[in-house]
Amino acid sequence: MNPLLNVSNLNVTYTDTAISRRIIEDVSFTVNAATVLAIVGESGSGKTTLCRALTRLFSQSSRLKVKGVVQFNSSDLLHCTDEMLRHIRQTQIRYIFQEPQQALNPVLTIRRQMEFASGKKSISGDELIPILNSVGLSDAVGVSNSYPHQLSIGMAQRVMIAMALIPKPSLLIADEPTSAVDASLRYRVLDLLKSFQQQDRMAMILVTHDLCVARRYADQVAVIQNGRIIEYATTTEFFEKPQHPYSQKLLDAIPSLSKRVIRANNGTVGE
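Q: What is the right way to read the pairing of strand E10 (residues 228-234) from this model?
A: A regular strand places its side chains so that they alternate between the two faces of the sheet. In this structure, strand E9 (residues 220-225) lies alongside E10, joined through six bridges in antiparallel fashion. Within E10, the residue paired with Ala-222 across the bridge is Tyr-232. The loop that links E9 with its antiparallel partner E10 comprises two residues; one of these, Asn-226, has a positive phi angle of about 50°.

Q: What is the right way to read the sheet that holds E9 from this model?
A: The strands that make up a sheet are held in pairs by hydrogen bonds between backbone atoms, and each pair lies either parallel or antiparallel. The strand order E6-E7-E8-E3-E9-E10 describes an open sheet built from six strands, whose pairing is mixed. Single-partner strands in this sheet number two, and they are strand E6 (93-96) and E10. Here the strands of the sheet are splayed against their neighbours by 15° on average, with no regard to which way each runs. Along the sheet face, helix H11 (residues 245-252) touches E9 and E10 and points at about 105° away from the line of E9.

Q: Would you mind showing me how to read the environment of Arg-158 here?
A: Mapped onto the elements of the fold, Arg-158 is located in helix H7 (residues 153-165). Accessibility expressed as a relative area gives 13% for Arg-158, which makes it buried. Considered as a pair, Arg-158 and Leu-192 are 34 residues apart in the sequence and their alpha carbons are 9.2 Å apart. In this structure, Arg-158 is in contact with Val-135, Gly-136, Leu-137, Arg-188 and Leu-192, ignoring residues within four places of it in sequence. A polar contact is formed between the side chain of Arg-158 and the backbone oxygen of Val-135, at a distance of 2.7 Å.

Conventions and cut-offs
Residues numbered from 1 in each chain as written. Predicted model: local features only at pLDDT ≥ 70, side-chain atom pairs only at ≥ 80, totals over all residues. Heavy atoms only, no water. Pairing = 2+ DSSP bridges. Helix = DSSP H or I, 4+ residues; strand = E, 2+ residues; numbered from the N terminus. Axes fitted to C-alpha atoms, helices over the stretch in contact; angles between N-to-C directions. Contact = heavy atoms within 4.5 Å. Buried < 20%, exposed > 50% of the residue type's maximum accessible area, 1.4 Å probe, protein only. Polar contact = N/O pair within 3.5 Å; in protein donor to acceptor, adjacent residues only side chain to side chain.

Structure representation (structure tokens):
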């Protein structure tokens, strides 16, 4: 079976007149349809930069240059036209970003932003209400007429999920999707994402620094350190027998309570 996403020798370099620094170096991995890949690493390891590089999601002033191969279905994402790439982002590869209140436009209602996300000039209530209800927002009419500052962080996060899922994408990239959510809501949001992933048989890249999250939701794990993937394995293989010393250090750093949670989810991390 051909992978949905094939990334080969991906490099991201920051350049200006004085320096040139490699941020992502020779990264390669694949994502099959209807599977979840967790990209795991500490803050500053390059997780977000890697995910944005997949669809060249950088501002023109960022001074970041991307090279390598990113093959999505039959499209070469690093060399296709800007118009084609925008279409792919609109319909087939969607993102959920960190900090939902910052990702949403503060001067547009949620309804208007969902219309933009859907690619339609307008969305009827018959379409909008079920979408918002499906992500756990019971007052769909009230939410749709609200501005982002009128929503709680948890509500804004659910709106972001709804916006990402409107076109039923083939690939969802969720970059620390619960970083702004209280701990009490974290697994409810992740369970929601997982249910949509299974229901629509879409692929998902889940960016996290939490190994418990990776164990519970992912089929494969890629560990990134200083912009390089230093371990890439099935979730079972990674938790049963990590190959890289850095991976073992990450596992050793898990608190004992979390280790019991991992074992309850079929992991075998010892205390």
